[in-house]
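Listed below, chain by chain, are the residues.
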Amino acid sequence: MSADMTAPSLLTPDNSSGPAAPSRRDRKRGRIRHLTTADKIIIGLMIGIPTLIELALVWFPAVASIILSFARWNGVGSLSSIEWIGLTNYRNIFTIDPNFMPALEHNLIWLLFLAFVATPLGILLAVMLDRELAGSKILQSIFFLPVMLSLALVGVIWQLMFSPENGFVNGVFGSNVDWFGNSSINLWAAMIAASWKHIGYIMILYLAGLKGVDPALKEAAAIDGATATQTFFRVVFPAMRPINIVIVVITVIEALRAFDIVWIINKGTNGLQLLSTLIVTNMGAAGRVGYSSALAVILLVVALVPIVAYLSQAFKEESR
Amino acid sequence: MTGSEFEDGLRKGFSRRQTLRLLGAGILSAGAIPILSACTGTSSGGNTTTPAAGTTTAAATTSAAATDTATASATGGSATASASSIANVGGTVSFGSNYSDEVPKKAVQAVMDAFTKAAGTTVNINTVDHNSFQENISNYLQGSPDQVFTWFAGNRMKFFAAQGLVAPIDDIWAGLTDQYSEGYQKASTGEDGKKYFVPFYNYPWAVFYRKSVFADKGYTVPTTWEEFTTLGAKMKSDGLAPLAFADKDGWPAFGTFDYLNMRINGYDFHMELMAHTVAWDDAKVKKVFQTWKDDLFPLQQENPLGRTWQEAAQSLNKKEAGMFLLGMFVAQQFTGADLDDLDFFAFPEIDSAIGADAVEAPIDGFMVSAKGLNPQSTALMSYLGSADAQLTYLKSDASNIAANKTADTSSYNPLQKKAVELIGAAKSISQFLDRDTRPDFASPVALPAFQQFIKDGDVDAVTKNLEDQAKAIFTS
């Protein structure tokens, strides 16, 4: 917007432009003059209020977290009780906290699992259901149902499924596996529970995107003799670019903010440590505000890396 | 942009740039309000200003509390007298409760109903899940807390008192002093010497078993460590899981550690360790973990990290397990004839030079939030401190014993009577690891470290890990 404003004045540096001045500039000026004061106030409010909310609820806490990550503070009392300790929190996290590396590792496994198993499955379901098979509406509802349940409820449902003594899974298969207690398998059990929900979510998003693809594209591909697989990968998938970006971002975010299910299972201990649960454990009754903030900053960085990398790549291709 | 400039602008009409500038100023000034309030609102509490040394006094003084509980049965009659002294104050009072389990929730309801009847005051009970309540206590107290709320004695109480988040209640205590032994009074006192806490009940940790199982198999109650481990081995050969064990929630294992440490190294050493004046990688602490690994691991139920204490209690109930070291709240999982069959013995002696006279018996009670004091909350706190209120509670939840020494113990079940005896005979009383040490050490550090030890039994690793982190945390 400001570029529009300054561009003409750059062309004519001195204000003593005669009657030969570009008419475009006059038109622009004229349009602005037509805005009444009321218009301006309304526009101001429409931009200002969301900006304010964004600043207060997103940017302020984010910046405060970064600042507090260099402090030791229990969160009670005046701000003067904050003790500034530099990078100590980060040093402690990386050197002496035995839960940090497992948590980071679990978050990455979670991300890879969603990206290479759950998300592709959701896309596959969407492509299948897009073919308007008999009963596809019912199937859609069934797959989408878990998305409507809160993750906390999903946690409870899967707790019943996986309970070692009275659980459904061990009951049906006659196995005696300690699904949530055995630290080498409980992460996988939790990821299955999370995927159950994630698949439905991706499916519905992708399905909506598929409905928006011009059928003429598919027809043209079919006339040219492309198989269904070829049509999808060569024609439909590239045409779905905006949706694909959304799906990637959502997958990364879902993987890194994973929390509810694990918290319900065992509060993120014993093989289920995640960065998010570490933050809460240190924050809650423990009151290690600085330490939790440092963990949160690390999580923020971990989240930004893949998203920024992907988006910059995507936009670069777009502009080409 | 100043005010007159703004009015100028209104008259003349704003240019686009001016509008933006105005907006910017508006955002900044309006933004300042939520930013400032957010500073206190989003914070979450814990413990840095309370020196851990406070722990030692808190727990040490409770020892006297217990002694007087034992003599309580003698003065039963005064209970009803204190109840009738509640003034009719009317109005309403809000009460934040962490009694979220079914049995205690009903019991609290019964107490509040009785209070409403006596004082004409409506009590708005706000029940929050037990664990969530603890997790969020700092935010809760800094937000808009209920007037009266449930909490714990010891280090956990002193911390919030020192922060000015709870109201001193010496006036209420003036009417209660002669009904509480000195130990309870000290356990209710903050570091500034004022009273902040009204004790409600306490309960011992001990080894629970079913009398019928011991009678059928001819087991006898062990008093020494050798008898205990021999009994465990015998149970194992009889096809029982000797020691029910659950640590999915992380905290039940603290009880095992507390007792082992108090039996091997003594109460004073345990308290010094909780205050981190001795190191976690001290040879004495290593000996505790080693004993746990050598003697108890073979007796404990398998897969404890996938099991809750309720499930473990059920295996004791179903006679699949022989014994269970837990707080007396384990009785909540037993009813009718099964409850009558439940009994306990004190954690056996390991070193005869140390003895077995230390008991773990946490005190639960109530506090008033900083702005919560008024005639209604005063009346409620006085009532909760009365023997009458405590006995009303215990009628529905018989897994505790009243804190008020004038409470009539004649209605106690055998288990409660035995608990009074056990606590009464104790020379020193601990509150429990997560109440005796700092909260920022207990749940983020000790809890996962103990779980890891239960999994791999690596004594050197667990003690090194605990010491490394304790060093970083106990610096403030």
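Sequence order as written defines residue numbering, which begins from 1 separately in each chain. Chain letters start at A and ligand numbers start at 1, both assigned in the order the entries are written. In keeping with the model being predicted, local features are shown solely for residues with a pLDDT of at least 70 and side-chain atom pairs are shown and tallied solely at 80 or more, while totals for entire chains, interfaces and linings include all residues. Water and hydrogen atoms play no part in the side-chain values, which are based on all heavy atoms of the structure.

**Q** Would you take a moment to explain the overall build of chain A for this structure?
**A** Across its full length, chain A holds 15 helices and 2 strands. Burial here depends on accessible area, computed with a 1.4 Å probe over protein chains only, as a share of the maximum for the residue type. Under 20% is buried, over 50% is exposed, and the range in between is partly exposed. For chain A, the proportion of its 320 residues judged to be buried stands at 41%. In this description, contact between two residues means that some pair of their heavy atoms is separated by no more than 4.5 Å. The long-range share in chain A, meaning contacts at least 24 apart out of those at least 6 apart in sequence, stands at 65%. The protein chains shown are the only cover counted for residues, whose accessible areas, like all others here, come from Shrake-Rupley with a 1.4 Å probe. With the model as given, the accessible surface of chain A reaches about 17400 Å², and the carbon-plus-sulfur share is 70%. Strands are runs of DSSP state E lasting at least two residues, helices are runs of H or I lasting at least four, and both sets are numbered from the N terminus onward.

**Q** Whenever I open this one, a negative patch on the surface confuses me. Can you help?
**A** All names here are of chain B. Each patch is built from salt-bridge-free residues with over 30% relative accessible area, joining like charges within 9 Å and nonpolar side chains (Val, Leu, Ile, Met, Phe, Trp, Tyr) within 5 Å. The term salt bridge refers to a side-chain nitrogen of Lys or Arg lying within 4 Å of a carboxyl oxygen of Asp or Glu. In summary, the charge assignment counts Lys and Arg as positive and Asp and Glu as negative, without counting His or the chain termini. Lys charges are placed at NZ, Arg charges at CZ, Asp charges at CG and Glu charges at CD. There is a patch of like negative charges on the surface, built from D170, D171, E191 and D192. Relative to the helices and strands, D170 resides in helix α9 (residues 170–174). Of the residues examined, D170 reaches a relative accessible area of 33% and is grouped as partly exposed.

**Q** Even after reading the chapter, I still don't get the pairing of strand β2 (residues 122–127) of chain B, so can you show me in this structure?
**A** Strand residues, when the strand is regular, have side chains that alternate between the two faces of the sheet. Residues and elements named next belong to chain B. DSSP bridges decide pairing: two strands pair if at least two such bridges lie between them. With 6 bridges connecting them, strand β1 (residues 92–97) and β2 associate as parallel partners. By the bridge assignment, F95 is partnered in β2 with I125. On the question of chirality, the crossover connecting β1 to the parallel β2 by way of helix α5 (residues 102–119) is right-handed. Here the term right-handed applies to a crossover when the path leading from its first strand over the helix to its second strand runs clockwise, the strands being oriented away from the viewer.

**Q** Teacher, can you tell me more about the sheet that holds β1 of chain B here?
**A** Each strand in a sheet pairs with its neighbour through backbone hydrogen bonds, running either in the same direction (parallel) or in the opposite one (antiparallel). All names here are of chain B. Strand order across the open sheet formed by 6 strands is β2-β1-β3-β10-β4-β11, with mixed pairing between neighbours. What marks the edges here is a single partner per strand, and that holds for β2 and β11 (401–402). Here 4 bridges tie strand β4 (residues 198–202) to strand β10 (residues 363–368), and the two strands are oriented antiparallel to one another. Of the residues in β10, the one forming a bridge with V198 is F366. Together, β1, β2 and β4 form the strand contacts of α5, whose direction differs from that of β2 by roughly 165°. On the sheet, helix α8 (residues 155–162) packs against β3 (148–152) and β10 and is oriented at approximately 130° with respect to β3. Axis definition: a line fitted to C-alpha atoms, limited for helices to the stretch in contact. Angles are taken between N-to-C directions and run from 0 to 180 degrees.

**Q** Please clarify how the packing of helix α12 (residues 241–256) of chain A against helix α15 (residues 289–319) of chain A should be interpreted in this entry.
**A** For any two helices packed against each other, one specifies the inter-axial angle together with the distance between the axes. Residues and elements named next belong to chain A. Interhelical geometry of α12 versus α15 gives an angle of 170° and a closest axis separation of 10 Å. In terms of axis orientation, α12 runs roughly antiparallel to α15. Note on element contacts: α15 touches α12 through L299, V302, A303, P306, I307, Y310, L311, A314, E317 and E318, opposite R241, N244, I245, V248, V249, V252, I253 and L256. Of the residues assigned to the contact of α12 with α15, the class counts are 14 nonpolar, 1 polar and 3 charged. For this classification, under 35 degrees means roughly parallel, over 145 means roughly antiparallel, 65 to 115 means roughly perpendicular, and everything else is oblique. Under the grouping applied here, Gly and all other residues not named as nonpolar or charged are polar, the nonpolar ones being Ala, Val, Leu, Ile, Met, Phe, Trp, Tyr, Cys and Pro and the charged ones Asp, Glu, Lys and Arg.

**Q** Please clarify how the sheet that holds strand β6 (residues 241–244) of chain B should be interpreted in this entry.
**A** Residues and elements named next belong to chain B. Spatially, the 4 strands line up as an open sheet ordered β6-β7-β5-β8, and their pairing is mixed. Edge positions in the sheet fall to β6 and β8 (342–345), since each has one partner strand and no second. The sheet shows a mean angle of 30° between the axes of neighbouring strands, direction not considered. With 3 bridges connecting them, β6 and strand β7 (residues 321–327) associate as parallel partners.

**Q** Quick question: what am I supposed to make of the nonpolar core here?
**A** Side chains of nonpolar character tend, in soluble globular proteins, to be buried together. By size, the foremost hydrophobic cluster in this structure holds 143 residues, and its most contacted members are F257, W280, F289, W292, F450 and L466 of chain B. It is helix α22 (residues 439–456) of chain B that contributes the most residues to this core, 9 residues altogether. In this structure, F257 of chain B is in contact with H270, L273, M274, W280, V285, V288, F289, W292, L433 and F450 of chain B, ignoring residues within four places of it in sequence. Nine residue types can take part in a nonpolar core, namely buried Ala, Val, Leu, Ile, Met, Phe, Trp, Tyr and Cys, and a core is a set of them joined through side-chain atoms within 4.5 Å. Membership of the second largest hydrophobic core comes to 46 residues, among which are L111, L187, L278 and I298 of chain A.

**Q** Explain the packing of aromatic side chains to me, please; I cannot follow it from the model alone.
**A** Here the distance between the centres and the angle between the planes together describe a pair of aromatic rings. Residue and element names in this part refer to chain A. Only centres within 6.5 Å qualify two rings of Phe, Tyr or Trp (six-membered ring in Trp) as a pair; their planes then separate them into stacked at under 30 degrees, edge-to-face at over 60, and tilted for everything else. Scanning all chains against the criterion turns up 55 aromatic pairs over all chains. The interplanar angle of 40° and the centroid separation of 5.0 Å between the aromatic rings of F162 and W179 together place this pair among those described as tilted. A residue pair is termed long-range when its members are at least 10 positions apart, and F162 in helix α7 (residues 151–162) and W179 in the loop between α8 (168–173) and α9 (186–211) qualify at 17 residues. On the accessibility criterion, W179 (21% relative accessible area) is partly exposed.

**Q** What is the right way to look at unusual backbone geometry in this model?
**A** One non-glycine residue, K267 of chain A, adopts positive backbone phi at about 60°. As for its placement among the helices and strands, K267 of chain A is situated in the loop between α13 (260–266) and α14 (275–283). The phi dihedral of K319 of chain B falls on the positive side, at around 65°, and the residue is not glycine. Mapped onto the fold, K319 of chain B is located in the loop between α16 (309–317) and β7. Since its relative accessible area comes to 38%, K319 of chain B is described here as partly exposed.

**Q** Whenever I open this one, the pattern of salt bridges confuses me. Can you help?
**A** Side chains that differ in charge, positive against negative, can pair when their charged atoms come close. All names here are of chain B. Enumeration over the complete set of coordinates arrives at 14 salt bridges over all chains. For the salt bridge of D357 with K427, the shortest nitrogen-to-oxygen distance reads 3.6 Å. Of the two residues, D357 is situated in the loop between β8 and β9 (358–360) and K427 in the loop between α20 (414–425) and β12 (428–430); the sequence distance between them amounts to 70 residues. Looking at D357, the relative accessible area reads 27%, which means it is partly exposed.

**Q** Would you explain the confidence of the model for chain B in this entry?
**A** pLDDT is defined as a per-residue confidence score from the predictor, taking values between 0 and 100. Per-residue pLDDT for chain B averages 82, and the proportion of residues at 70 or more is 82%. Note on residues 1–84 of chain B: pLDDT is under 50 here. Beyond four places in sequence and across chains, it has 161 contacts.

**Q** Sorry, what's going on with the side chain of S399 of chain B here?
**A** All names here are of chain B. Mapped onto the elements, S399 comes out in the loop between α19 (387–396) and β11. Since its relative accessible area comes to 1%, S399 is described here as buried. Throughout this description, a polar contact denotes any pair of N or O atoms lying within 3.5 Å of each other; where both atoms belong to protein, one of them has to be capable of donating a hydrogen while the other can accept it, and for residues adjacent in sequence the pair is counted only when both atoms sit in side chains. A distance of 3.5 Å separates polar atoms of two side chains, one belonging to S399 and the other to Q332. Engagement of the side chain of S399 in a polar contact is seen with the side chain of D397, the distance being 2.5 Å. What S399 contacts, discounting residues up to four positions off in sequence, is Y203, M328, F329, A331 and Q332.

**Q** I'm lost on the environment of A161 of chain B in this one. Help?
**A** Note on placement: A161 of chain B falls in helix α8. Overall, the relative accessible area of 9% leaves A161 of chain B in the buried class.

**Q** Is there a simple way to explain helix α15 (residues 283–296) of chain B in this structure?
**A** One full turn of an α-helix is made of 3.6 residues, so residues set three or four places apart face in the same direction. All names here are of chain B. Along its 14 residues, α15 runs 19 Å from first to last C-alpha, staying within 8% of the 20 Å computed at 1.5 Å per residue. Turning to α15, its buried residues are V285, V288, F289, T291, W292 and L296. On an axial view of α15, the arc spanned by its buried residues comes to 155°, and they lie on one face. For α15, the N-terminal capping position is held by D282, with its side-chain oxygen 2.8 Å away from the main-chain nitrogen of K284. To estimate the expected span of a helix, subtract one from its residue number and multiply by 1.5 Å. Arc definition: directions from the helix axis to the C-beta atoms.

**Q** It is not clear to me how the pairing of strand β5 (residues 205–210) of chain B should be interpreted in this structure. Could you clarify?
**A** Residue and element names in this part refer to chain B. For β5, the tally of buried residues reaches 6 of 6 residues, placing the bulk of the element in the interior. With 5 bridges joining them, β5 and β7 adopt antiparallel strand pairing. Each bridged residue has a counterpart across the sheet, and for Y209 the counterpart in β7 is M323. The pairing of β5 with β8 spans 4 bridges and is antiparallel. Looking across to β8, one finds that Y209 is bridged to D343.

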